[in-house]
2 protein chains.
Amino acid sequence: MVKRTSFEGDACPIARSLDAIGDWWSLLIIREALFGLRRFGEFQSKLGMAKNILAVRLRSLVDHGILETAPASDGSAYQEYVLTEKGRGTFPILVALRQWSEEFDDHPEEITTILVDRKKGRPVRKLELRADDGRLLTQADTTLKLRPAPRRRSA
Amino acid sequence: MVKRTSFEGDACPIARSLDAIGDWWSLLIIREALFGLRRFGEFQSKLGMAKNILAVRLRSLVDHGILETAPASDGSAYQEYVLTEKGRGTFPILVALRQWSEEFDDHPEEITTILVDRKKGRPVRKLELRADDGRLLTQADTTLKLRPAPRRRSA
DNA sequence: GCAACATAGTTTTATGATGCAACCACTGGA
DNA sequence: TCCAGTGGTTGCATCATAAAACTATGTTGC
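In this report, the structure presented in the accompanying data block is examined. (Residues numbered from 1 in each chain as written. Chains lettered and ligands numbered in written order. Predicted model: local features only at pLDDT ≥ 70, side-chain atom pairs only at ≥ 80, totals over all residues. Heavy atoms only, no water.)

**Here's the deal with the interface of chain B and chain A**
Part 1: Across the contact, 88 residues belong to chain B and 89 residues belong to chain A.
Part 2: With both sides pooled, the region where chain B packs onto chain A buries about 8700 Å², and carbon together with sulfur makes up 61% of that total.
Part 3: Three residues stand out in chain B for area buried against chain A, namely B:Trp24, B:Trp100 and B:Thr112, and they jointly supply 10% of the buried area on that side.
Part 4: There are 12 salt bridges connecting chain B and chain A.
Part 5: Between A:Lys120 and B:Asp133 there is a salt bridge, with the nearest N and O atoms lying 2.9 Å from each other. (Contact = heavy atoms within 4.5 Å. Buried area = accessible area lost by both parts, 1.4 Å probe. Salt bridge = Lys/Arg side-chain N within 4 Å of Asp/Glu carboxyl O.)

What follows is the structure, encoded as C-alpha cells:
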C-alpha cells in the first residue's frame with residue numbers, strides 16, 4: 001500500500017484522529033461548518049477550493065460521521081451538510097490550533113479575529129488541562145498509562 | 001503553483017497553524033518528540049516512515065521553529081532534534097485530538113493508552129474553555145470578533 | 001412549457017507529493 | 001583497516017491534488 005499510510009488500526013488516539021481530520025481541508029471545512037455554512041456552494045466560494053476536492057472531502061467527512069447530509073431546510077430541493085455531534089466535538093481542537101497560532105505565530109498581527117465569550121464579548125482564556133482534583137496541568141505534569149484491561153502495546 | 005495552497009498569508013489562525021503542522025506526519029513527530037525522542041533513527045523506527053519523508057518533515061519543522069537541532073548530548077557526534085518552546089506549545093492540540101478520539105472514535109476499545117496526571121496517576125479532565133470570569137464555555141457560547149487595532153501583545 | 005441560468009457535482013488531465021528501495025557519506029569500534 | 005550502524009539523499013513508480021471542462025439536475029423568467 002503506497003497510500004497515505006492509514007493509521008486506522010493504530011492504538012494511538014492522535015493518529016486515529018488524524019486519520020479522520022488530519023488533512024489540509026477537513027478542519028477548514030469543519031471550521032466553516034461551525035460558523036453555520038451548510039451548502040456545497042457556500043463552502044466552495046468561502047474556502048476557494050476546487051469543487052472536486054470539496055466533493056471528495058465532504059464525502060469523507062460524511063463517511064467518518066462528522067458531517068451528515070440533510071435533505072433540505074430553506075425550501076429548495078438541494079441538500080445540506082450539517083455537523084453531527086461528533087463534528088461539533090472537534091471544537092476544542094480548533095480552539096487549540098487557534099490559540100497556538102495566536103501565541104507562537106511569527107506574524108500575529110496578521111490575525112484579525114479573536115475568539116470571545118458571546119455573553120460579555122471578552123476574549124476567552126487559554127484552554128486549561130486539569131487533573132482530577134482540579135490542579136492545572138502542563139505537559140510535564142502528565143504521562144501516558146496503559147489501559148488496564150486488554151493487551152499491551154508500546155506507543 | 002498547483003501546490004498545496006499555502007495559507008501563509010491567511011488571516012485565520014487555524015489556517016496558519018495548519019500551514020505549519022497540518023500535514024500527516026508533523027503532529028506524529030511532535031507527539032514522539034514530546035515523549036522524549038530526539039534522534040533521527042528513533043523517529044524513523046518508531047513511526048515506521050520512510051527516511052526521506054522524515055528528513056523533509058524534520059527540516060520543515062525546524063524551518064517553522066518547532067524543532068531545533070542540537071549538536072549532541074549523549075557523547076556521539078550526531079545531532080538531535082529537540083522541541084522549542086513553540087513546539088512544546090502544541091501540547092494542547094495533541095490533547096484535544098486525543099480526547100476527541102477518546103470520545104467519538106468508533107472503536108474506542110482499540111485505544112490502549114490514557115493520559116494521566118503524573119502525580120496521582122489518574123486520568124486528566126477534558127480540556128476546559130473558560131470565559132474571562134471563569135465560566136465554562138461551549139462552542140455555542142463563543143463567537144468571533146474582529147480585532148480592533150494592532151495593539152501591543154502580552155506573552 | 002421552454003429557454004436560460006444556478007446548483008452540485010463528475011470527469012479529464014497535468015503536476016506535485018508520497019513511499020519504497022537503493023545508494024552514499026560519515027562515525028565509531030575491533 | 002575493515003565493517004557495521006547512523007543519518008541522510010537520489011531515483012523512480014504511484015497516488016493525491018488541483019484547475020478546468022463537462023454533466024445532470026433544479027430553478028427562474030417569460
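Next comes the rest of the description.
**A short note on the nonpolar core**
Part 1: A:Ile21, A:Ile29, A:Ile30, B:Ile21, B:Ile29 and B:Ile30 are the most contacted members of the largest nonpolar core, which totals 78 residues.
Part 2: Formed jointly, this core draws a minimum of three residues from each of two domains, domain 1 (13-87) and domain 2 (91-141) of chain B.
Part 3: Every residue in contact with A:Ile21, bar those within four places of it in the chain, is listed here: A:Ser26, A:Leu27, A:Ile30, A:Ile66, A:Thr90, A:Ile93, B:Leu97 and B:Trp100. (Core = buried A, V, L, I, M, F, W, Y, C linked by side-chain atoms within 4.5 Å. Buried < 20%, exposed > 50% of the residue type's maximum accessible area, 1.4 Å probe, protein only. Domains from an automatic or database assignment.)

**A word on the packing of aromatic side chains**
All names here are of chain A.
Part 1: Here the structure, examined in full by the defined rule, presents four aromatic pairs over all chains.
Part 2: Where tryptophan 100 meets phenylalanine 104, the ring centres are 6.4 Å apart and the plane angle is 45°; that geometry is what we call tilted. Of this pair, tryptophan 100 and phenylalanine 104 both sit in helix H6 (residues 91-104), four residues apart, roughly one helical turn. Side by side, tryptophan 100 and phenylalanine 104 carry an identical accessibility label, which is buried. (Phe/Tyr/Trp six-rings, centres within 6.5 Å; stacked < 30°, edge-to-face > 60°. Helix = DSSP H or I, 4+ residues; strand = E, 2+ residues; numbered from the N terminus.)

**Remarks on the packing of helix H2 (residues 24-34) of chain B against helix H4 (residues 51-63) of chain B**
Residues and elements named next belong to chain B.
Part 1: Here H2 crosses H4 at 75°, and the two axes come no closer than 10 Å. Taken together, the axis directions place H2 and H4 in an arrangement best described as roughly perpendicular. Judged by residue contacts, Trp25, Ser26, Ile29 and Ile30 of H2 engage Ile53, Leu54, Arg57, Leu58 and Leu61 from H4.
Part 2: Split into classes, the residues belonging to the contact of H2 with H4 amount to seven nonpolar, one polar and one charged. (Axes fitted to C-alpha atoms, helices over the stretch in contact; angles between N-to-C directions. Parallel < 35°, antiparallel > 145°, perpendicular 65-115°, else oblique. Nonpolar A, V, L, I, M, F, W, Y, C, P; charged D, E, K, R; others polar.)

**Some thoughts on H4(B)**
The periodicity of an α-helix, 3.6 residues per turn, causes residues three or four places apart in sequence to face the same way.
Residues and elements named next belong to chain B.
Part 1: Taking 1.5 Å of rise per residue, 13 residues should cover 18 Å, and H4 covers 18 Å from first to last C-alpha, within 8% of that figure.
Part 2: The secondary structure elements touched by the buried residues of H4 are H2, helix H3 (40-47), strand S1 (67-70) and strand S2 (80-83).
Part 3: Directly beyond the C-terminal end of H4, a positive phi value near 75° is found at glycine 65. (Expected span 1.5 Å × (residues − 1).)

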